[in-house]
Amino acid sequence: TSTSTTSTTTTTSTTITSTTSTTTTTFLGCKDDMFEDNDSRLAAKSINSISSIDGLQICKNDDDWYEIDVCEGGSLRAIIQFSHAQGDLDASLHNRNGFTLTSSTSVRDEEVLFESGMPGGVYYIRIYGYNGAENKYSLGVMVTCPVVTTSTTTTSSSTFTTTLPPNYVSLSELLSGMPDVSSFQFLLSIHGYDIVLNNMHDLTLFIPNNSAFAKLSSQQLNNLFSPTHRQETIEIINNHIISGGKFLIEDPILLTAHTSLGTYLIKVFEEGSAYRANNALVITSNAQSTFASVHSVNAFLQNLVLSTSTTSTTTTTTT
């Protein structure tokens, strides 16, 4: 009798699909999450300036408080995602004295907090149920700090400076005014890709809206926002961008097939009184920054894969 052990590598994949169906996880009752007890500002649990946390829980009349440090002049963006049909959650942002700086009390499946130009110090995020509602939720937080750089290129006869156009609007500023794509903007910020796109000209973006993100599983969302998958996520982002022009949705030049920045084919076409990009329905269109045109869509444009490798060991016995 001989025994041999063979080591094999198996690749598992997480697929982001463009399907229009949704998967709803039933809320099975209230249980304390890993951050309890954080029921007051004084009992707030500290979180990192870049955080993506799943499996959180609001119980009846039991708020959740989180403490976070913000740099001088920094900006804070927080996204709380949940199923509104299973319980209406709201959120607010407070300074160190408990004063409310901003709040979000919509009837959507997410609440978004944003504050910029903040004095450096400790701040608090409060998550709570409307009228005692209970629900589970995920929390994403991103703190960005101002970067001040001064550069001058001097030759023996000239000094060159870069001047932005009058009334310049960056892509980030445009997206900040579009709450239906806040998840995508947060994704750009997490991976530092917003800075790259802000400096690119003549772009047309088809941005998956918050409803598109809500169709993804927790594992898919975690992979998208994970630094481990940064390069793959940037490829996903690029596959939603056309370069070479700021195209309006009705522009005949746009209503054809284009190769994206990620070398994926994007086909835009009319469907009755609506427009589609591949299988995704265009929800809002023709938002304009100085260098880009933005259209939001209700799904990711293609099936894309975030892969991880795991190693398994198989033992074979031969007689």
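Residues numbered from 1 in each chain as written. Predicted model: local features only at pLDDT ≥ 70, side-chain atom pairs only at ≥ 80, totals over all residues. Heavy atoms only, no water.

Turning our eyes to something else, we now look at the overall build of the protein. When helices and strands are counted, the protein shows 6 helices and 20 strands. Put simply, the protein has 319 residues, and 45% of those count as buried. Within the protein, contacts between residues at least 6 apart in sequence are counted, and of these 75% link residues at least 24 apart. Total accessible area computed for the protein in this model is approximately 16100 Å², and 49% of it derives from carbon and sulfur atoms. (Helix = DSSP H or I, 4+ residues; strand = E, 2+ residues; numbered from the N terminus. Buried < 20%, exposed > 50% of the residue type's maximum accessible area, 1.4 Å probe, protein only. Contact = heavy atoms within 4.5 Å. Areas by Shrake-Rupley, 256 points an atom, 1.4 Å probe, with all protein chains shown as cover.)

Judged by nonpolar contacts, the single largest core of 32 residues is most densely connected at Leu-205 and Val-294. Contributions of two or more residues to this core are made by helix H1 (171-176), helix H2 (182-190), helix H3 (193-198), strand S13 (203-208), helix H4 (210-214), helix H5 (218-225), helix H6 (230-238) and strand S19 (292-297). Among all residues touching Val-294, those that are not within four sequence positions of it are Leu-171, Leu-174, Leu-175, Met-178, Leu-205, Ile-207, Ser-285, Asn-286 and Ala-287. Ile-58, Tyr-66, Ile-80 and Met-118 belong to the second largest nonpolar core, which has 24 residues in total. (Core = buried A, V, L, I, M, F, W, Y, C linked by side-chain atoms within 4.5 Å.)

Across the protein, the average pLDDT comes to 79, with 80% of residues at or above 70. Confidence over residues 148-162 falls short of pLDDT 50; this stretch has 6 contacts with residues more than four positions distant or in other chains. Across residues 308-319, where pLDDT falls below 50, the model places 35 contacts with residues more than four positions away in sequence or in other chains. (pLDDT = per-residue confidence, 0-100.)

To continue, consider the pairing of strand S17 (residues 274-277). Direction of pairing for strand S16 (residues 265-271) relative to S17: antiparallel, over a ladder of 4 bridges. The partner of Glu-271 across the bridge, within S17, is Ala-274. When S17 meets strand S18 (residues 280-288), the two strands line up antiparallel, connected through 2 bridges. In the strand pairing of S18, Ala-277 is matched with Ala-280. Between S17 and S18, which follow one another and run antiparallel, lie 2 residues, and Asn-278 among them has a positive phi close to 55 degrees. (Pairing = 2+ DSSP bridges.)

Here the focus is the pattern of salt bridges. Enumeration over the complete set of coordinates arrives at 3 salt bridges. Here Arg-126 makes a salt bridge to Asp-63, at a shortest N to O gap of 2.9 Å. Of this pair, Arg-126 sits in strand S9 (residues 121-129) while Asp-63 is found in the loop between strand S3 (50-58) and strand S4 (64-70), placing the two residues 63 residues apart along the sequence. On the basis of relative accessible area, Arg-126 is assigned to the partly exposed category, the value being 22%. (Salt bridge = Lys/Arg side-chain N within 4 Å of Asp/Glu carboxyl O.)

Before going further, it helps to spend a moment on the sheet that holds S4. Strand order in the open sheet formed by 5 strands is S2-S4-S9-S6-S7, with mixed pairing between adjacent strands. Among the strands making up the open sheet, the edge pair consists of strand S2 (45-46) and strand S7 (100-104).

On to the sheet that holds strand S5 (residues 74-81), then. Spatially, 4 strands are ordered S3-S10-S5-S8 in an open sheet, and the strand pairing comes out antiparallel. Looking at which strands have only one partner, the edges of the open sheet turn out to be S3 and strand S8 (110-118). On average, adjacent strands in this sheet sit at an angle of 15 degrees to one another, irrespective of strand direction. Judged from the 7 bridges that link them, S5 and strand S10 (residues 135-144) form a sheet pairing that is antiparallel. From the neighbouring strand, Ser-75 faces S10, where its bridge partner is Thr-144. (Axes fitted to C-alpha atoms, helices over the stretch in contact; angles between N-to-C directions.)

Before going further, it helps to examine the packing of aromatic side chains. Tallied over the full model, the rule gives 5 aromatic pairs. On the basis of an interplanar angle of 45 degrees and a centroid distance of 6.5 Å, the ring pair of Phe-213 and Phe-225 is categorised as tilted. Note that Phe-213 is positioned in helix H4 and Phe-225 in helix H5, a separation of 12 residues in sequence. Of the two residues examined, Phe-213 and Phe-225, each falls in the buried class. Put simply, the rings of Phe-186, Phe-213, Phe-225 and Phe-300 pair up and form one aromatic cluster. Across from the ring centre of Tyr-128, 3.8 Å away, lies the NZ or CZ of Arg-126, which sits over that ring. (Phe/Tyr/Trp six-rings, centres within 6.5 Å; stacked < 30°, edge-to-face > 60°. Lys NZ or Arg CZ within 6 Å of the ring centre and 35° of its normal.)

On to the side chain of Asn-38. Mapped onto the elements, Asn-38 comes out in the loop between strand S1 (2-16) and S2. Classification of Asn-38 by relative accessible area gives buried; the value is 0%. Asn-38 has contacts with Ala-43, Ala-44, Lys-45, Asp-63, Asp-64, Trp-65 and Tyr-66, leaving out every residue within four places of it along the chain.

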